[in-house]
Amino acid sequence: MDAAKLSLYPFLTQAAEHVAHMDLSIDDIITSKALVGGLPRSRASSRVIQSILGAIEKDDTKPDIAELLSYPIARILVSCLDDAFLIRRYALAEAKFANTRMQKEDDYETLLEIGRDFNINASITDKGFQIHFTDYIRGAAGMRALNWKLVNRRLTSGFVNITKEEYARLLQEGIRVRIFNSLPLDVPEPFCIALQEYLEEIKTCLEHSKKELGEEGFGEMEPGSFPPCIKHLLSSAQGGVNLAHSARFALTSFLLNIELSVDQIIQLFNVSPDFNEEMTRYQVEHIAGGTGTTYKPPACNTMITYGNCLGKDELCRTIGHPLEYYRKKKKVTSSEPGPGTGEPPSSTQEQT
Ligand code: SF4
């Protein structure tokens, strides 16, 4: 691939080799203002900020070389902050960004080449691609939609036929895992100091976004009183982890029962790799009673059966239902002395 194409797929081994052959030191890339006028740094920063906000947008205003170099700098920026939430969001956003480019790719040979970089050996067919079922299973393992199940696919001599869109979606998952597993990099402190100006901006955006998805998104709710299982499922969903159906149901029904709105819950799931607003809205509204049946969240025994009881603590020993945990913990928290006063809450506080 040439430099222009590699700038579209900067996570490829070939892209890293191309940058290595440019004879630039990391210092040049990070600090030199002469290097494409410093554009790789500003584009790197916008890559990271946009990933926090939800999606990386294409930027055709910069030369290909700036786009290509912005990727390793973005990885350095993410590594300097070393935040698990940011790493998950960034990996997912880069993978989705790559997917949008692959969907528009007319050259199927390029898609095969990308696949080979992820050890996927595919061939081109009339209707798309054909890949070995072991590669298919590896790529589709994280997909929850029924049409990804191997039993719903036709196998021909061990090979599965898939469309170009599906092939790109499988690659998206491989890209996400590659980026996620490779971060954080071990970045020497002077490089982080040199990028401080960008890091401050990213940190502010990150804190704001965490607040919106966390405490502030719950209105009157008390996330600090959530049982460990729900805290775990919630942070997984917010970090872009694809939850199993039983986990998604447990989390959604719990949040609905403590009166989070359908829209607030949809917003929470909006970072999942498989996010589909229409389908998510249908599922959440269904659990919310859109069909006349309101579902209660599963009791602890059911949570244990499905492997969703995670992080059990002392209070868990005294309850049998996650909602019971929440009510008990909330009661204890609201009757605790106010911070730093050592006094019980005033009657006004109790009424509010
Ligand atoms: S015991 Fe119940 S409330 Fe506690 S973590 Fe397990 S499922 Fe959640």
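Not measured: the values here are computed from a predicted model.

A. The arrangement of the overall build of the protein chain in detail. Helices and strands together make up the secondary structure of the protein chain, namely 18 helices and four strands. Counting contacts in the protein chain only where the partners sit at least 6 residues apart, residues at least 24 apart contribute 75% of the total.

B. The packing of helix H6 (residues 84-103) against helix H9 (residues 164-182), seen in detail. Viewed as axis vectors pointing N to C, H6 and H9 meet at an angle of 150°, and their least axial separation amounts to 8 Å. The angle between H6 and H9 falls in the class roughly antiparallel. Handedness of the H6/H9 crossing: right-handed. Judged by residue contacts, Ile87, Arg88, Ala91, Leu92, Glu94, Ala95, Lys96, Ala98, Asn99, Met102 and Gln103 of H6 engage Glu165, Ala168, Arg169, Leu171, Gln172, Ile175, Arg176, Ile179 and Phe180 from H9. Considering only residue class, the contact of H6 with H9 consists of 11 nonpolar, three polar and six charged.

C. Inspection of the sheet that holds strand E3 (residues 155-156) at higher detail. Pairing within the open sheet is antiparallel, and its four strands lie in the order E1-E2-E4-E3. Each of the sheet's edge strands pairs with one partner strand only, and the pair in question is strand E1 (122-124) and E3. Where strand E2 (residues 129-132) meets strand E4 (residues 159-162), four bridges bridge the pair, whose relative direction is antiparallel. If you follow isoleucine 131 over to E4, its bridge partner there is valine 160. In this fold helix H8 (residues 133-140) packs onto E2, E3 and E4, with an angle of close to 90° to the strand it touches most, E2.

D. A look at the site of the ligand. For the ligand, the full set of nearby residues is Pro227, Pro228, Cys229, Cys300, Met303, Cys309, Gly311, Lys312, Cys316, Pro322 and Tyr325. Elements supplying a minimum of two residues to the shell around the ligand: helix H12 (228-238), helix H16 (300-305) and helix H17 (322-334). Tallied by class, the residues present in the shell around the ligand amount to nine nonpolar, one polar and one charged.

E. Focus on the nonpolar core. In this structure, Tyr9, Ile73, Leu77 and Tyr167 are the most contacted members of the largest nonpolar core, which totals 52 residues. Discounting chain neighbours no more than four positions away, the residues touching isoleucine 73 are Ile29, Ile30, Pro40, Arg41 and Ala44. Of all hydrophobic cores here, the second largest spans 23 residues; its members include Phe226, Ala250, Phe269 and Tyr326.

F. Geometry of unusual backbone geometry. Omega for the peptide link from leucine 183 to proline 184 comes to 0°, which places this bond in the cis form. Counting through the fold element by element, proline 184 comes out in the loop between H9 and helix H10 (189-194). The backbone phi angle of aspartate 23 is positive, close to 60°, even though this residue is not glycine. On the secondary structure map, aspartate 23 appears in the loop between helix H2 (13-20) and helix H3 (26-31).

G. Here's a closer look at helix H13 (residues 245-257). Between its first and last C-alpha, H13 extends 18 Å over 13 residues, near the 18 Å set by a 1.5 Å rise per residue. The set of residues buried in H13 consists of Ala247, Arg248, Ala250, Leu251, Thr252, Ser253, Phe254, Leu255 and Leu256.

H. How the structure looks around the pairing of E4. Covered by surrounding structure in E4 are Val160 and Ile162 only, the residues Phe159 and Asn161 on the alternate face being uncovered. For E3 and E4, the ladder comprises two bridges, and the chain directions are antiparallel. Residue leucine 155 lies in a different strand from E4, and its bridge partner there is valine 160. In textbook terms, the turn of a hairpin is the stretch between consecutive antiparallel strands, and for E3 and E4 this stretch comprises two residues, one of which, serine 157, has a positive phi near 50°.

I. Focus on the pairing of E2. Only one face of E2 is covered, namely the one carrying Phe129 and Ile131; the face carrying Gln130 and His132 has none of its residues buried. Bridge count between E1 and E2: three bridges; the pairing is antiparallel. If you follow isoleucine 124 over to E2, its bridge partner there is phenylalanine 129. Linkage of E1 to E2, two consecutive antiparallel strands, is achieved through a turn of four residues, within which glycine 128 is found at a positive phi near 150°.

J. Region of interest: the packing of H12 against H13. One way to put it is that H12 packs onto H13 with a least axis distance of 10 Å and a crossing angle of 105°. In terms of axis orientation, H12 runs roughly perpendicular to H13. Together, Ile230, Leu233, Leu234 and Ala237 of H12 and Ala247, Ala250, Leu251 and Phe254 of H13 make up the contact between the two elements. Counted by class, the contact of H12 with H13 contains eight nonpolar, no polar and no charged residues.

K. Broad picture of the confidence of the model for the protein chain. Taken as a whole, the protein chain shows an average pLDDT of 84; of its residues, 86% reach a score of 70 or greater. The least confident element of the protein chain, judged by mean pLDDT, is helix H18 (residues 347-351) at 29; the most confident is helix H7 (residues 108-117) at 96. This model gives residues 215-219 a pLDDT under 50, and the stretch forms seven contacts once residues within four places in sequence are excluded. Segment residues 337-352: pLDDT under 50, and six contacts once partners within four positions in sequence are set aside and those in other chains are kept.

Thresholds, definitions, all that
- Residues numbered from 1 in each chain as written.
- Predicted model: local features only at pLDDT ≥ 70, side-chain atom pairs only at ≥ 80, totals over all residues.
- Helix = DSSP H or I, 4+ residues; strand = E, 2+ residues; numbered from the N terminus.
- Contact = placed C-beta atoms within 7 Å.
- Axes fitted to C-alpha atoms, helices over the stretch in contact; angles between N-to-C directions.
- Parallel < 35°, antiparallel > 145°, perpendicular 65-115°, else oblique.
- Left-handed = near helix turned anticlockwise from the far one by under 90°.
- Nonpolar A, V, L, I, M, F, W, Y, C, P; charged D, E, K, R; others polar.
- Pairing = 2+ DSSP bridges.
- Near = placed C-beta within 6 Å.
- Core = buried A, V, L, I, M, F, W, Y, C linked by C-beta atoms within 7 Å.
- Buried ≥ 20, exposed ≤ 12 C-beta atoms within 10 Å, placed from the backbone.
- Expected span 1.5 Å × (residues − 1).
- pLDDT = per-residue confidence, 0-100.

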